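# Examining the three-dimensional arrangement
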Amino acid sequence: MVVERDRERDALTLIERPRLFDRTARASVVVLEAPGGFGKSSLAEQLAAGSVSTVRVFLFSGDSSPARLVSRLRDACRTAGLAAAVEAGTDLEDVPAELSVIAVALVRAVPQGGCLVVEDAQVLDDGALDAVVGLCSSLVPAWRVVITGRSVALDIAGALRLGVDELVFTASETNTLMEQVMSADDDLAVTITRECSGWPAAITLAIAAEHRTPMTASGGASLDSLVAELLRDSTLLDARTLTVLGHLPVVSDEIGTALGIPNLIQSVITSGLPIRATGAWWRLADPVREHLRSRGPINDDDLVTALGVVFHKGETTLAIDMLLAARHPEEVCTLIAAIPYDVLDQIDVDEMASLLNAVPPLVVAANARCLAKLARAAESRVRITLRTRLLDRLADIVRVNNDPVLARELEAELVFDLNRDSKVEETERRGRALLSVTPPDELVTRSRCLHALGRITAWKGDDRSLVDASHLLAEAAGAMRTIGNDVGVADVLCTLGFFVLIPRGDFELGVTRLTEGVELLGRRTRRRAVQLTFLAESLALLGRDDEAIAALSESRSIGRSHGDQRVLGYAAWTQAKVVARRRDIDGTLRWLREAERNPGDWLDHPTGTQFLAEAAEMAAMVGAEQIADEYLTRAIDQAAKQELPEIPEAAIGALAARFGDARLAEGLLTLDRVDGSQNASNRWRLMLLIAHARARRGDIAGARAKAAAVSEELESLGHPEFAMLHEPEIWSSLMRLVDGESIPPVRISVLGGFRAEVDGVEIPVPAGRPAQVVKLLALAGRPLPVDELAELLWPDTATDVGRRRLRNVLARVRRAGPLLDRNEGVIALVPTAVVDSQVFERLAQLASTAAPEGRRAAAEEALALYAGELLPADRFEEWSVAPRERAQRRAVRLLAVIVESAVVDGDIDRAVRAIEHQLALDPFDDSAARHAAVLLRDVGRHEEAAEWAQRCAVIRGELGFSVPLDPLDLLDAAR
């Protein structure tokens, strides 16, 4: 039944008007200018219907300024699922520049073409109207723009304007509308159209009235008389309900329930009043709402109650504007102070803070907790400057009001900020002083202070501090549960899991607490996205990479939906850690760059310094020494500016241990102030790096002793596989030292064919699964857990069967020669193994980042290793496709470097030979052949140029492209 009523409603408000569509078909900008009730919104909706994506901006009376226009546009983009495309400009102070950034982002997000609809543009001031003109110029012609308003003073070149004369209904259109609810009648349609002067809103009402009581009068149909006729016999809409409908620009059944008016929307539909759904809301036709509003003022209690629903359903700006207009500023403060914790990080905190400036200072001072609530929203968005400004204002009020309870609540927020800024001593001193004077019943203050103290205590990293932190955090979680703050509980569980339990070595329990925290949060919230990154890092530590990558994928999806740079930056940072452990140099550097492309406020904060330090370690792990040094230099410089020199010390020591001053490494890695690295989770890694540094400087006995200590440490943690899982090269080498074995050099070749050599002698690895195991490990560039390797070899076999088969295969490889290491469920190549494709990848990466004067030599050095296609005998194996294509692309790019260098040197023959090699790798690269032809023609070697032009024509013909009759014509196009 409801569906049928919805259809009736739609029929009364939406009919196709071909005469208007024909006029607007080629217009990129359409302006619909007419009083209310002329169907502007309906027509705009139909004009946008054919677009891939529609962004619909609804403006209200308070949205006159350029800044409010931007805010409404951002809201509309979020509603359309395009938030990630527009948040890039949110920190710009120049509104036209911000709109330009948003427009460019929208075009990139929907290159097929979308439609922007701006409703009720008559509320905009001159500055905002100018901004709309600039927005149109940035969007058109890729997107269509439709602007509606009662009067739209816009001068947009090429815009099509439709006014009252075009928007009035014809008798034919009236008849089409009548057919949806009653029998068609040409004469009656003419009468209704004439009596209503073609006004769509009046015609809609007239048809509804005629459907109930046939028209008999012929003296004109005013809107007042039509509304009165519709409501004459209605028992569903009393005077109070009609007044509410007249004074609210949007309504919903939730508002009706809050006001004690059940089935509000259905009652309006049944009465025949024209009402349409717009997203989560319903809107009466403007002329009808104006008529109802003229009946008298709305009851203050009804207005406040209804706007409370409007606020909590997401129309925060509209609700506050109307409350301010109705002179209820105290209700504005009450609404903000009562925002539920689970939606706090979803509001537009900048806009809320701006609107609060319109509230009289004395009212804010009397309701100051609204400042504290907005400050917490700013914290969740990492809007540090805004948070500081709000807390400073709150501090001024506290000093005047002398409210001890509010003063303690403010102090808890300040303690939290001290923790955020890593001010250990001051956080502890002020936090513990605050707890000593805060009564047990002030749970908001106590929970915030306990959480801050728990975090800063955990940050110290030693075993005793971690125990103390767990007690503080448990008490904080209990207080937050008591006040119903599930978001706070989730935050505490995240701190407990990632900063206490994981560092303490309780890995599985840490993952459990992190998972519990994530599940307390809404499915698409920013906090969930951030906490998923912590969960992912913990899963990756345990080798559960698939789960980690799935968590990061969800985090990025949420981050994109909100356009949140912090979320996207954190997710990329964590993804870099996952792929670095796999020794994927390209992936690691790509994700590190992605993290820096989303800086937000976090990159300039101590958190960003920690990122730079960890980025240096990750780059070093994958062999990108130069890039590692660059990251480390930046981390040291930023830490010095922040007066936190201890942050990069662990990274300095790690890089020195891997390839720098081994004595310096040992000195740095034994410092007590290498914070966060002396706990049980990381202590073994420091010990391992120290052992490696000792081995590098020839202290074999010391290296053996330290390696033995690493084994004991990992055994006590219950994870002896960690060393092999995370540091396979170093650990395998150290284990040989402990066992007193010498390791012969091993070379694995996969470029040009498969070959394994031990100490210069080829090893006949049995074909089939044994050879495949060696190939898989060589291409992976990392150790593989037993179960993962078995799954790759026998994807459709039960796990226990795969393990049993793998044992037999590994035994056959061992009989062939000392190629593999097996340690605690992880299989790896021996630490002396050198894989030609891995060396080629590293050299190619160095060539791409080398200085111009050394780029050719670096490219030639890398190309010397490219002996041919990677594993040609395994061309049709799925696991070999991506590495093969990646190596080939590398070689082609290196040859391009050779060509470029040869052209600069004037050595055309060398350039042509390199191009010949390019075509050998990619026979369908017509641009390479054309390049050779151009080079030869430019030096007067016309016959050779013609031959190359012919080759280019043949390639293009094979690709299905049109080819000129004379191949040399291709050269003219190239020039």
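Residues numbered from 1 in each chain as written. Predicted model: local features only at pLDDT ≥ 70, side-chain atom pairs only at ≥ 80, totals over all residues. Heavy atoms only, no water.

Turning our attention to the overall build of the protein. Each helix and strand in the protein was counted, giving 51 helices and 14 strands. Considering the protein as a whole, with its 975 residues, one finds that 55% of them fall into the buried category. Across the protein, every contact between residues at least 6 apart in sequence was considered, and the portion connecting residues at least 24 apart equals 67%. Element-wise, carbon and sulfur atoms account for 51% of the exposed surface of the protein, whose accessible area totals about 41,300 Å². Of note, the protein has its 110 positive side-chain charges centred 3 Å away from the centre of its 144 negative side-chain charges. (Helix = DSSP H or I, 4+ residues; strand = E, 2+ residues; numbered from the N terminus. Buried < 20%, exposed > 50% of the residue type's maximum accessible area, 1.4 Å probe, protein only. Contact = heavy atoms within 4.5 Å. Areas by Shrake-Rupley, 256 points an atom, 1.4 Å probe, with all protein chains shown as cover. Lys, Arg positive; Asp, Glu negative; His and termini not counted. Charge placed at Lys NZ, Arg CZ, Asp CG, Glu CD.)

Let's shift gears to the sheet that holds strand β14 (residues 833-835). If you walk across this open sheet you meet the four strands as β10-β9-β8-β14, and the pairing is mixed. Two strands lie at the open edges of the sheet, namely β10 (761-762) and β14, each paired on one side alone. Pairing geometry for strand β8 (residues 746-749) and strand β9 (residues 755-758), over four bridges, is antiparallel. Counterpart to Arg747 in the pairing with β9 is Glu757. (Pairing = 2+ DSSP bridges.)

In this section: the pattern of salt bridges. Per the stated rule, a full pass over the model turns up 69 salt bridges. Note that Glu594 is salt-bridged to Arg597, the shortest N-O span being 2.8 Å. Here Glu594 falls in the partly exposed class, since its relative accessible area comes to 26%. On the accessibility criterion, Arg597 (51% relative accessible area) is exposed. Salt bridges sharing partners connect three or more residues here, namely Arg369, Arg376, Glu379, Arg387, Glu409, Glu413, Asp417, Arg420, Asp421 and Arg448. (Salt bridge = Lys/Arg side-chain N within 4 Å of Asp/Glu carboxyl O.)

Two elements in contact, helix α46 (residues 852-863) and helix α47 (residues 878-905), have axes whose closest approach is 9 Å; the angle formed by their N-to-C orientations is 140°. Relative to α47, the element α46 lies oblique. With respect to the hand of their crossing, α46 and α47 are arranged in left-handed fashion. Facing α46, whose interface residues are Arg855, Arg856, Ala859, Glu860, Ala862 and Leu863, α47 presents Ala891, Leu894, Leu895, Val897, Ile898, Ser901 and Asp905. Classifying every residue of the contact of α46 with α47 by side-chain character gives eight nonpolar, one polar and four charged. (Axes fitted to C-alpha atoms, helices over the stretch in contact; angles between N-to-C directions. Parallel < 35°, antiparallel > 145°, perpendicular 65-115°, else oblique. Left-handed = near helix turned anticlockwise from the far one by under 90°. Nonpolar A, V, L, I, M, F, W, Y, C, P; charged D, E, K, R; others polar.)

What follows covers the state of the cysteines. A full pass over the atoms with the stated rule returns zero disulfides. Of all cysteine sulfurs in the structure, the one in Cys494 sits closest to Cys449, which takes part in no disulfide; the separation is 19 Å. (Disulfide = S-S within 2.5 Å.)

Another aspect to go through is the packing of aromatic side chains. If you walk through the whole model with that rule in mind, you get 12 aromatic pairs. Aromatic side chains Phe499 and Phe534 sit 5.7 Å apart centroid to centroid with 65° between the ring planes, which places their arrangement in the edge-to-face category. Taken together, the positions of Phe499 in helix α28 (residues 486-504) and Phe534 in helix α30 (residues 526-541) put the pair 35 residues apart, joining distant regions of the chain. Residue classification places Phe499 among the partly exposed positions, given a relative accessible area of 29%. An angle of 45° between the planes, with centres 6.3 Å apart, marks the rings of Trp684 and Phe722 as tilted. (Phe/Tyr/Trp six-rings, centres within 6.5 Å; stacked < 30°, edge-to-face > 60°.)

Take the nonpolar core next. Counting residues in each nonpolar core, the largest one holds 85 residues, and the members touching the most others are Leu592, Phe611, Trp684, Leu688, Trp731 and Leu734. Setting aside anything within four residues of it in sequence, one finds Trp684 in contact with Val710, Glu713, Leu714, Leu717, Phe722, Ala723 and His726. Residues Leu273, Trp282, Val363 and Leu391 belong to the second largest nonpolar core, which totals 84 residues. (Core = buried A, V, L, I, M, F, W, Y, C linked by side-chain atoms within 4.5 Å.)

Here the focus is the confidence of the model for the protein. In this model, the protein carries an average pLDDT of 84, and 92% of its residues clear a pLDDT of 70 or more. Across the protein, the element-wise mean pLDDT spans from 35 in helix α1 (residues 2-11) up to 95 in helix α29 (residues 507-519). Ignoring residues within four places in sequence, the model shows residues 215-220, a span with pLDDT below 50, making six contacts including any to other chains. (pLDDT = per-residue confidence, 0-100.)

Looking now at a positive patch on the surface. On the surface, Arg769, Arg804, Arg805, Arg807, Arg812, Arg814, Arg815 and Arg822 cluster together into a positively charged patch. Residue contributions to the positive patch peak at six residues, all from helix α44 (residues 799-816). (Patch = residues over 30% accessible without salt bridge, like charges linked within 9 Å, V, L, I, M, F, W, Y side chains within 5 Å.)

A few words now on a nonpolar patch on the surface. A surface patch of nonpolar side chains, about 280 Å² in accessible area, is lined by Phe924, Leu959 and Phe961. For Phe961, the position within the fold is in the loop between α50 (942-959) and α51 (969-974).

Backbone geometry follows two general trends: most residues other than glycine have a negative phi, and most peptide bonds adopt the trans configuration. In this structure, Pro141 follows Val140 across a cis peptide bond, with omega equal to 10°. Position of Pro141 relative to the elements: it lies in the loop between α7 (126-139) and β4 (144-149). At Asn263, a residue that is not glycine, the phi angle is positive and equals roughly 55°. Counting through the fold element by element, Asn263 comes out in the loop between α14 (253-258) and α15 (264-271).

Take the sheet that holds strand β3 (residues 115-119) next. Spatial ordering of the open sheet is given by β2-β3-β4-β1-β5, a layout of five strands whose pairing is parallel. Bordering the open sheet on either side are β2 (54-58) and β5 (160-162), each of which pairs with just one other strand. Along the sheet, successive strands turn relative to each other by an average axial angle of 15°, direction set aside. Relative to β3, β2 is paired through five bridges, and the arrangement is parallel. Each residue of the ladder has a partner; that of Thr54, found in β3, is Cys115. Packed onto the sheet, helix α3 (residues 40-48) meets β1 (29-33), β2, β3, β4 and β5 and runs at close to 175° relative to β4. Helix-sheet contacts for helix α4 (residues 66-79) involve β2 and β3, and the interaxial angle to β2 is about 140°.

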